[in-house]
Amino acid sequence: NLKLLTCLHTFCLNCLRKNKPVGQCPVCRTAIPQASGIPDMDNLLFTNLQARLKVYKKIVDGVDLFCDNCKKAGEFWCSKCEEFLCTKCFESHQRYLKRENHETKRVIDIRTRSARDVLKGIMRTSNLSCSNPTHKSETASIYCKTCCKPMCCICALLDSQHAAFCDIRSETQRRQEELGTMSRELKQKRSSFEATYVALQDEAARLERAQQEMRELIRQRVEHLVQLVRREEEELLGLVEAQQEQGRRELARELQHMEGVLRRMEASERLVEKMSLYATEQEVMDMQPFIKGSLEELQRLQPAAAGDQVQPRDFAECRARLQAL
């Protein structure tokens, strides 16, 4: 069930119904004017070609070639009647239809010819039917330019309103030539579209190359930045470690000094306590000046002021470099 779209692409009815989105050509996305998404125009050319090719394949394969009248072996094919004929029916066919311009060929002759030649022969011998439904059996040999319809001789004789008639063959030839002229003009115009298409392809390729180059540049720059950051990380960690080690040594010295002072104070307290409890007068007289000197020295000692104490490291330099980074 072949349908011809306005873009001149051909699809069967099932494919058009399944196509998403509906209402567009599946190939070129040209809009289908019908609201249902199904074109009104049937592709009669392709439909008829399919039917003729089916007959040709049947002849070539030699399957079910029986006379359509008496069911004997079919040895002839009439493209006008679209029937296979045996020898006897062929003789009757030729006798009764000799004035009807029916061209009948031997099946064996058709089998030796190519499909292209057979289709061309059928096309040349096929006749056009009258557009009047009541004259379907009549051959249309006249074309009315006013109605733009083919008609038989009877219709032409009975038509008293229209007189602009011409031979149907000349009208068919004119239409074929008109299509050929338009096709040649489109072929000339096609070169400009092809040039534009090539230019767009080149632009797409250039854009792809530019994208790849930019990606590579970004990767390189980021890798370089990562290396710089890693190097800065190592330097900052080293700086933190050095400052921490320096602060640790200073604090250790202060702690050691404070610990020594506290131990001296504890020792002095114990010694004075023991002197008051157990010392003889002779021991007091001999040792008091020395102990007094040591105590006076301890009394002169003062804990470091708030501003003089070892301050905890806040790593200000590291913070500034991190902020700058």
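Per an unreviewed UniProt entry, the recorded name for the protein chain is PML protein, and the organism is Lophotis ruficrista.

K.L.:
Give a detailed account of the overall build of the protein chain, specifying residues and quantitative values.
P.N.:
Each helix and strand counted, the protein chain has 9 helices and 8 strands in total. The C-alpha atoms of the protein chain give 56 Å as radius of gyration, which overshoots the globular expectation for 325 residues (20 Å, by more than 25%). By principal-axis analysis of the C-alpha atoms, the protein chain measures approximately 175 × 50 × 35 Å. Taken over 325 residues, the protein chain has a buried fraction of 20%. In the protein chain, the proportion of contacts linking residues at least 24 apart, taken out of those at least 6 apart, comes to 40%. Counting every atom, the protein chain has about 24900 Å² of accessible surface; 55% of that belongs to carbon and sulfur. The centroid of the 52 positive side-chain charges in the protein chain is displaced by 18 Å from the centroid of its 47 negative side-chain charges.

K.L.:
Describe in detail the nonpolar core, supporting the description with residues and values.
P.N.:
Counting 8 residues, the largest nonpolar core consists of Tyr 56, Ile 59, Leu 65, Trp 77, Phe 84, Val 107, Ile 110 and Val 118. Those elements that provide at least two residues to this core are α2 (44-61) and α4 (107-112). Apart from residues no more than four positions distant in its own chain, Tyr 56 is found in contact with Ile 110, Arg 113, Ser 114, Ala 115 and Val 118.

K.L.:
Requested: an account of the sheet that holds strand β5 (residues 104-106), with residues and values cited.
P.N.:
Reading across the sheet, the 3 strands line up as β4-β3-β5 and stay open at both edges, with antiparallel pairing between neighbours. With partners counted over all chains shown, the strands left at the sheet margins are β4 (83-85) and β5, one partner each. Here the average twist between neighbouring strands, direction ignored, is 30 degrees. Bridge count between strand β3 (residues 76-78) and β4: 3 bridges; the pairing is antiparallel.

Basis of the calculations
Residues numbered from 1 in each chain as written. Predicted model: local features only at pLDDT ≥ 70, side-chain atom pairs only at ≥ 80, totals over all residues. Heavy atoms only, no water. Helix = DSSP H or I, 4+ residues; strand = E, 2+ residues; numbered from the N terminus. Rg over C-alpha atoms; globule rule 2.2 N^0.38 Å. Buried < 20%, exposed > 50% of the residue type's maximum accessible area, 1.4 Å probe, protein only. Contact = heavy atoms within 4.5 Å. Areas by Shrake-Rupley, 256 points an atom, 1.4 Å probe, with all protein chains shown as cover. Lys, Arg positive; Asp, Glu negative; His and termini not counted. Charge placed at Lys NZ, Arg CZ, Asp CG, Glu CD. Core = buried A, V, L, I, M, F, W, Y, C linked by side-chain atoms within 4.5 Å. Pairing = 2+ DSSP bridges. Axes fitted to C-alpha atoms, helices over the stretch in contact; angles between N-to-C directions.

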